[in-house]
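Each chain is listed here by its residues.
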Amino acid sequence: MIINSKDLLKQAQNHAFAFPHFNFWDSNSIRADIAAAEKLQLPVILAWAQKHSSEIGIEDALMLGKFYGSKAKVPVVLHLDHGTDPELVKWGAKNGFSSVMIDESDKDFDENVRITKDVTKLAHSLGLSVEAEIGHVGDNNSEDHSKYTEVDAAKRFAKLTSVDSLAVSIGTSHGVYKAGTPQINFDRLQDLKSNVKIPLVLHGGSSSGDANLTKAAEFGITKVNIYTDLANTSLKAATEKKI
Ligand SMILES: [Zn+2]
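Residues numbered from 1 in each chain as written. Predicted model: local features only at pLDDT ≥ 70, side-chain atom pairs only at ≥ 80, totals over all residues.

### Observations regarding the overall build of the protein chain
(1) Moving on: From N to C terminus, the protein chain includes 9 helices and 9 strands.
(2) Moving on: What you see for the protein chain is a C-alpha radius of gyration of 17 Å, in line with the 18 Å of a compact globule of 243 residues.
(3) Moving on: Dimensions of the protein chain, computed from C-alpha atoms along their principal axes, come out at roughly 50 × 45 × 35 Å.
(4) Moving on: Summarising the internal contacts of the protein chain: among those between residues at least 6 apart in sequence, 66% fall at separations of at least 24. (Helix = DSSP H or I, 4+ residues; strand = E, 2+ residues; numbered from the N terminus. Rg over C-alpha atoms; globule rule 2.2 N^0.38 Å. Contact = placed C-beta atoms within 7 Å.)

The structure is reproduced here in structure tokens:
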């Protein structure tokens, strides 16, 4: 069954826990994600990221997501992750994703607000939930550095855009950490939680350490995005089987 993410994230916010968000890039990865969720009898958020377009295009991802998501025995959110092209996000919203992320976090505040607001209006008219990002969660493998989310900016952004959840930058990064688990700024997270009323999302969850992730959930994170750990485990398994 495919569901919207709004109620799930509100539930997580009210009870101080977080749902996992797993990216999928082929039929094996989506089937493995669903099998794990069914084993635990828990809802799961499955996502296709625009940056994975070269591995799997949006139409193929939707076909897999709708097929496996609708026959899953647990609720599945079919999410479009890091949509940087507003037109593509709108197309995804109209064609079967139940939740979308518009990510204009590399733009200035006003431009981020303008584009996010526009996509949110369309997505809400279709009954979908929207995630956006303020501050910037960078990438460990490039010069794309993270910028901490400012509390006032996050508060204004949530109010101006009417988004349903907000990805914040508090010390994690995308990709593999070069020096152990990341230093998460829990003081900033607490400030954000006290000032921003909508659910908060953590990107770069892979290899962030169980203690960090548990504490992040207790301090207000409602969704943890995981990709790198899954991709590396999948690669290792394929290599060991020598296929
Ligand atoms: Zn991310």
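### Some remarks on the pairing of strand 6 (residues 129-134)
(1) Moving on: When you tally the buried positions in strand 6, you get 6 out of 6 residues, the bulk of the element.
(2) Moving on: Pairing of strand 5 (residues 99-102) with strand 6, which is carried by 4 bridges, proceeds in the parallel orientation. Note that in strand 6 the partner of Ile102 across the bridge is Ala132.
(3) Moving on: The parallel pair strand 5 and strand 6, bridged by helix 5 (residues 109-125), forms a crossover whose chirality is right-handed.
(4) Moving on: Of the strand pairs in this sheet, strand 6 and strand 7 (residues 165-168) are connected by 4 bridges, and their pairing is parallel. The partner of Ile134 across the bridge, within strand 7, is Val168.
(5) Moving on: Chirality of the crossover, the property in question, places the unit of strand 6, helix 6 (residues 151-161) and strand 7 among those that are right-handed. (Buried ≥ 20, exposed ≤ 12 C-beta atoms within 10 Å, placed from the backbone. Pairing = 2+ DSSP bridges. Right-handed = clockwise from strand over helix to strand, strands pointing away.)

### Points about helix 6
Since the α-helix packs 3.6 residues into each turn, any two residues three or four apart lie on the same face.
(1) Moving on: Inspection of helix 6 places Ala154, Phe157, Ala158 and Thr161 among the buried residues, and these make up the whole buried set. For helix 6, the angular spread of the buried residues around the axis is 95 degrees, confining them to a single face.
(2) Moving on: Of the surrounding elements, those touching the buried residues of helix 6 are helix 5, strand 6, strand 7 and helix 7 (186-195).
(3) Moving on: Just beyond helix 6, the residue with positive phi is Ser162, at close to 65 degrees. (Arc of directions from axis to C-beta.)

### Observations concerning the packing of helix 2 (residues 27-40) against helix 3 (residues 58-71)
(1) Moving on: The interhelical angle for the contact between helix 2 and helix 3, taken along N-to-C directions, is 25 degrees, at an axis separation of 10 Å. What the angle tells us is that helix 2 and helix 3 run roughly parallel. In this structure, the crossing between helix 2 and helix 3 has a hand that is right-handed. Every residue of helix 3 that contacts helix 2 at Ser27, Ile30, Arg31 and Ile34 is listed here: Leu64, Gly65 and Tyr68.
(2) Moving on: Among the residues forming the contact of helix 2 with helix 3, the class breakdown is 4 nonpolar, 2 polar and 1 charged. (Axes fitted to C-alpha atoms, helices over the stretch in contact; angles between N-to-C directions. Parallel < 35°, antiparallel > 145°, perpendicular 65-115°, else oblique. Left-handed = near helix turned anticlockwise from the far one by under 90°. Nonpolar A, V, L, I, M, F, W, Y, C, P; charged D, E, K, R; others polar.)

### Description of the nonpolar core
Side chains of a nonpolar character, in soluble globular proteins, are inclined to be buried together.
(1) Moving on: With 63 residues, the main nonpolar core has Leu46, Trp48, Val100, Val130, Ala154, Leu166 and Val168 as its most contacted residues.
(2) Moving on: No other element matches the 6 residues that strand 3 (residues 44-49) contributes to this core.
(3) Moving on: The contact partners of Val100, leaving out residues within four places of it in the chain, are Leu80, Gly83, Val89, Gly92, Ala93, Ala123, Leu128 and Val130. (Core = buried A, V, L, I, M, F, W, Y, C linked by C-beta atoms within 7 Å.)

### Comments concerning the pairing of strand 7
(1) Moving on: The two faces of strand 7 match: Ser165 and Ala167 on one face and Leu166 and Val168 on the other face are all buried.
(2) Moving on: Bridging between strand 7 and strand 8 (residues 200-202) involves 3 bridges; their strand directions are parallel. Paired with Val168 across the strands is Leu202, a residue of strand 8.
(3) Moving on: As a crossover connection, the stretch from strand 7 through helix 7 into strand 8 is right-handed.

By themselves these figures say nothing about function.
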